[in-house]
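A closer look at the structure
One letter stands for each residue in the lines below.
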Amino acid sequence: MQGYFDPPLFELSLAEQQVDLADTPYFYNDNGTPTYVKTLPDSAIIVSEDALADSSSENARFGKEYFISKIANMKDNPPYGIETEFSFDDQNLEYQPLWVTQEIAHAFGMYLVEKNQAIKISSPIHQLSQVQYQYGAFAGHWSPYLNIGNELLTYISMDLEHHDFPHIFASTDENLPLVISVARYWPKLAKIRLADIWIPKGSALYIPPKPEIKDAAYIDLHHNRNSAQVCWGKLNSSSVKTQTLLRADGGYFYWYWNRLPTTHRNLIESDEALFIK
């Protein structure tokens, strides 16, 4: 009898396309296919970037709220960025699962770009990459902060970031939606709201660059390693394919993490409910 299970998939980079934002500054969701263009078709619907101005309101209460008892550790890790470890008195951290809407996206500093919609990408860096990834269902069960090599954890810990380049997370799997973990963090109030944003096939999230802002009232965070959590509890699905706009090399990151287990709930009760919001 073999002594080990087959190794689980972590993540694979399947294809990569260079994107020059100086030449193609618009992201256009071409009926579910992520594209980058210089000029938009007449039928394209522009997503307004002004809408985020209203998202700072405390009335937009999405996500599970927790208070941070202290900053346990902060470490500069040049040239990549700064790691901040949170401590919580509450030992049960749960991400609220939410089907994406524009209001929910704005509440975490993002834009929903649905089929045949478009948005102009803001970025201090023009040369980016559009990468097709395949994420395994257990990709979130790994931590880069604990010095455990490639060992899988028995739980998912908090792992969130912001950085100086934009992201686009496109839900392109043939059968399954995409899941992006997000948070809004208020440093002066020592509180954070946690959520899992579920994105139906054919839609995308745009996250503008989020460099460090001194004395910011709040900081919007995200992570996509749990993209395939939609597979949990499903017999015949163990990974999700997606396309992501990112800076493939370099960039300056700010990571926020905690070593406690976190809870992530599945919004899908059955295969027939895959795309019901």
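Below you will find a few notes about this structure. Owing to the predicted nature of the structure, the values given are computational and were not obtained by experimental measurement. (Residues numbered from 1 in each chain as written. Predicted model: local features only at pLDDT ≥ 70, side-chain atom pairs only at ≥ 80, totals over all residues. Heavy atoms only, no water.)

1. What to know about the sheet that holds strand β4 (residues 45-46)
For clarity, the cut-off: Any two strands with at least two DSSP bridges between them are considered paired. Each helix is a run of DSSP H or I of at least 4 residues and each strand a run of E of at least 2, with the numbering of both proceeding from the N terminus.
In space, the 4 strands of this open sheet follow the order β3-β2-β9-β4, with mixed pairing throughout. The strands lining the two open edges of the sheet, one partner per strand, are β3 (33-37) and β4. Two elements, strand β2 (residues 26-30) and β3, share 5 bridges in a ladder whose sense is antiparallel. Across the sheet, residue Phe-27 finds its bridge partner in β3, namely Tyr-36.

2. Things to note about the packing of aromatic side chains
Here is the rule: Under the pairing criterion, centres of Phe, Tyr and Trp rings, with the six-membered ring standing for Trp, must be within 6.5 Å; the plane angle then separates stacked pairs below 30 degrees from edge-to-face pairs above 60, leaving the rest tilted. Only protein chains enter the area calculation, which uses a 1.4 Å probe; residues under 20% of their type maximum are buried, those over 50% are exposed, and those in between are partly exposed. The criterion is that NZ of a Lys, or CZ of an Arg, lies within 6 Å of the ring centre and within 35 degrees of the ring normal, and then a charge sits over that ring.
In the structure shown here, the tally under the stated rule is 13 aromatic pairs. Each ring, one from Phe-165 and one from Phe-253, has its centre 5.5 Å from the other, and the planes form 75°; the classification is edge-to-face. Pair noted here: Phe-165 is in the loop between β11 (156-163) and β12 (167-171) and Phe-253 is in strand β18 (residues 253-264), with a separation of 88 residues, a long-range link. Judged by its relative accessible area of 16%, Phe-253 is buried. Look at Tyr-252 and Tyr-254: their rings are 5.4 Å apart centre to centre, the planes differ by 65°, and that puts the pair in the edge-to-face class. Aromatic ring contacts, followed pair by pair, group Phe-86, Phe-88, Tyr-185 and Tyr-256 into a single cluster. Above the face of the Trp-186 ring, Lys-191 is positioned so that its terminal group lies 4.7 Å from the ring centre.

3. What to know about the sheet that holds strand β8 (residues 111-113)
Defined as follows: With axes taken as lines fitted to C-alpha atoms, and helix axes fitted only over the stretch in contact, angles between N-to-C directions fall between 0 and 180 degrees.
Sheet architecture is open: 6 strands sit in the order β1-β10-β17-β12-β15-β8, paired in antiparallel fashion. The sheet is open, and its two edges are formed by β1 (11-20) and β8, each paired on a single side. Taken pair by pair, the neighbouring strands of this sheet meet at an average axis angle of 20°, ignoring direction. Note: β1 against strand β10 (residues 127-136), 9 bridges, orientation antiparallel. For Gln-18, the partnering residue across the bridge sits in β10 and is Ser-129.

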